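These are the residues of each chain, in order.
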Amino acid sequence: MSAQRPVFPEIDPDEVSSNSSGNRSFREVVETRLSRRDALRGGTAAAAGFLVAAGAGSAAAAPAATTTGTTAAGSAAPAAGRGGHGGRRLLGFEPVPVSDTDEFTVPSGYETQVLIPWGTPIRPGGPTWRKDASNSAADQERQVGMNHDGMHFFPLGRGREGNERGLLVLNHEYVDQTLLFPDGDEEMTAEKVAKALAAHGVSVVEIERRRGEWRVVDSRRARRVTGATPVEFSGPVRGSHPRLRSNNEPMGTLNNCSSGATPWGTYLTCEENWNNYFATEDASWEPTEEHARYGVTNEGGGFRWHLADPRFDLAANPNEPNRFGWIVEIDPNNPDARPVKRTALGRFKHEGCTVTESRGRVVAYTGDDQDGDYIYKFVGDGQWRLQRLMGRSPLDHGTLYVARFEDDGTGTWLPLKHGTGALIRENGWADQADVLLRTRQAADAVGATKMDRPEWISVNPKNHDVYCTLTNGSGWENGGVNPRTPNPYGHIIRWTEHRRDHTATTFAWDIFLLAGDPAYDDRVELDPNSVFGSPDGLWFDDDGRLWIQTDVSNSSQHLAERGYDNIGNNQMLAADPETGEVRRFLTGPRGCEITGVTATPDQRTLFVNVQHPGESTVAFGEPTPDDPRVVSNWPDFDPEGRPRSATVAIRRRDGGIIGA
Ligand code: FEO
Ligand code: CA
Ligand code: CA
Ligand code: CA
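Along every chain, residues carry numbers that run from 1 in the direction the sequence is written. As a convention, the first chain written is A and the first ligand written is 1, with the rest following in written order. Only residues with pLDDT of 70 or above have their local features reported here, since the model is predicted, and side-chain atom pairs are shown and tallied only from 80 upward, although totals for entire chains, interfaces and linings are computed over all residues. Each side-chain value is worked out from all heavy atoms of the structure, with water and hydrogens disregarded.

### Details of the side chain of Thr 550
No. 1: In this text, helices come from DSSP runs of H or I with a minimum length of four residues, and strands from runs of E with a minimum of two, each type numbered from the N-terminal end. Inspection of the secondary structure assignment puts Thr 550 in strand β24 (residues 546–550).
No. 2: At a separation of 2.7 Å, a polar atom in the side chain of Thr 550 contacts the side chain of Asn 570.
No. 3: Should any heavy atoms of two residues lie within 4.5 Å, those residues are counted as being in contact. Sequence-distant contacts of Thr 550, defined by excluding residues within four places in its chain, comprise Phe 532, Gly 533, Ser 534, Pro 535, Asp 536, Asn 570, Gln 571, Leu 573, Glu 593 and Ile 594. Polar contacts, as counted here, are pairs of nitrogen or oxygen atoms within 3.5 Å of one another; within protein the pair requires one atom able to donate a hydrogen and one able to accept it, and residues that are adjacent in sequence qualify only if both atoms are side-chain atoms.

### Concerning the coordination of the calcium ion (ligand 4)
No. 1: In this structure, Glu 455 (OE), Asp 536 (OD) and Asp 551 (OD) serve as the protein donors to the calcium ion (ligand 4), at separations of 2.3 to 2.7 Å.
No. 2: Donor atoms are limited to N, O and S found within 2.8 Å of the metal ion, a distance that becomes 3.2 Å for Na, K and Ca. With water left out, some sites might look partial. Mapping the donors of the calcium ion (ligand 4) onto the primary sequence yields the spacing E-x80-D-x14-D.
No. 3: A spacing of 3.6 Å is found between the calcium ion (ligand 4) and the calcium ion (ligand 2), which share Glu 455 as a donor. Of this pair, Glu 455 sits in strand β19 (residues 454–459) while Asp 536 is found in strand β23 (residues 535–540), placing the two residues 81 residues apart along the sequence. You'll find Glu 455 and Asp 536 in the same group, each marked buried. Under the scheme applied here, a residue whose accessible area is under 20% of the maximum for its type counts as buried, over 50% as exposed, and between as partly exposed, the area being computed with a 1.4 Å probe on protein chains only.

### Brief notes about the coordination of the calcium ion (ligand 3)
No. 1: Note on the calcium ion (ligand 3): its protein donors are Asp 551 (OD), Asp 551 (OD) and Glu 593 (OE). The metal-donor distances range over 2.3 to 3.2 Å.
No. 2: Between the calcium ion (ligand 3) and the calcium ion (ligand 2) the interatomic distance amounts to 5.7 Å. Placement of the pair is Asp 551 in the loop between β24 and β25 (571–575) and Glu 593 in strand β27 (residues 593–599), with a sequence separation of 42 residues.
No. 3: In this structure Glu 593 comes out as buried when scored by relative accessible area, which is 4%.

### Thoughts on the sheet that holds strand β12 (residues 354–358)
Backbone-to-backbone hydrogen bonds pair the strands of a sheet. The strands run either parallel or antiparallel.
No. 1: One open sheet holds the nine strands; their spatial order is β12-β13-β15-β16-β17-β22-β21-β20-β19, and the pairing between them is antiparallel. This sheet does not close on itself; its edge strands, each paired only once, are β12 and β19. Going across the sheet, the axis of each strand differs from the next one's by a mean of 30°, ignoring polarity. In this scheme, strands are said to pair when DSSP sees at least two bridges between them. The convention used is that axes are lines fitted to C-alpha atoms, helices contributing only their stretch in contact, and that angles between N-to-C directions extend from 0 to 180 degrees.

Here you go:
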């Protein structure tokens, strides 16, 4: 560590808040609790945990007291496990060092296989990938999309067979138009919009493992859902709702970030930054309060599809944006079933949707990933099995809540229910459909707590604690929305629902860890084997290992002025939720983020996505149509090719459980 402490870095200004409500920020709430942590530190590194027992006065069990201790700084040797798992060590691999190379690295004893890169035919015999990006829109509709994100493995066949064969279902969050078209996107055409739409959405591919290798096999279930696939609406905002009336049939899902899976075997894909696709050249178009809250502007997010397709022109088709911002249910086993937008789960920038259950009722956690936005959960009415027997979707009937965090370590789930609290006719709320179409404003009105960009949420299978990544925050307005202002590195929070019942309306909360580099912030208790920033993907495996994936912005990666010079390319780590130990498991190639993780039921193959390798990165340069390989040429390294998002299948050479 340098003798002279660097100045604490500023936040990358790539994400700004649209939340001008007077609601309390998480920073204010957490400040008192962090000062407790300093008292706890008392010079004993081993007991350095600041995870104070939560919930004085709450009947909820507090999250287990932990430490955030990791391996000794500078040592490559893993620290001894701290027990808590019947003496068994949860993390058994050698951590990998940070990396700035154009490689995907894993610990010794592990092997990798690149699967389904962008452009792979979803059925063998489909249109072949062309490395100059000259595949047509029609080709792209039959190929794996771009920018792989949330993902789930649905095993096929009985018992052990399901470890070797299954449906891999994954999101394609957005497209890099420099890499997608041979000549880039300076000129926008209808064909280009069609290809971009076809590269979005979801892929369903059937894969099997034969002679030690995973491969795509022909399957009647193989399918693409794109930005142009016909869809249905269900729940309180019905398809016939006047605010969903548009000049075209309801179609498409866009900006599919993270995902979820239901206990009844369907896939949930989540629409995040959908506002970026809409724009207009019409000077008379004026944004409403709702547009401002959702970030809908005349300029859009740079896709410029509105120049060639009136569907994306805000003035020509003003209701089309109302069809986005939802959770979408897809039945991977029925390629003919239309995707259904489940409106009861609200409309915002859904990062993911983590489904669990308590007392037979379905509960879905979902974060709104924008600076200063909120954490939500949906609790289904009645037993989900009975709902299904009655022919109803368990996701259509229930209550949507938003989280409020209090100083004393407790919290409350506030219902977003028309006719209750502030959400009444007198205040301009017409009905439940209105509440759901304007979920962000409804949450403002009930007094939710502003958060530092809520990303993934995962439930510890061992004790039902709920964990959530807050990727980073700018510290806007009254000093920020976090324990740190600004908060360029993010942190991970967790909470325990009252009586560990996910349907409860109160909880006890805590901070699991602060991400970042101790060279810039001595509150951070990570070391060279675990230093990371901007946590995003978050997933518990069945043993209770917590996997953390990072999405450091390409305008921050490797830059000292952003405090990211010691953190390397984006990465995935594993944490022990009981001991707080963290180890780096893999690093990605240049310009990518690591996102999306799922495993075979036996946990012996882990699937991880590499998204946007080769994207424009301040530290490495800017790709052009003439040289798309400036930043990365992963995974093909073809001198005439281009970087491609892909899934990586990770196995242990000895066939053991990943991470153990
Ligand atoms: Fe799509 Fe919030 O990451
Ligand atoms: Ca994400
Ligand atoms: Ca990203
Ligand atoms: Ca992210």
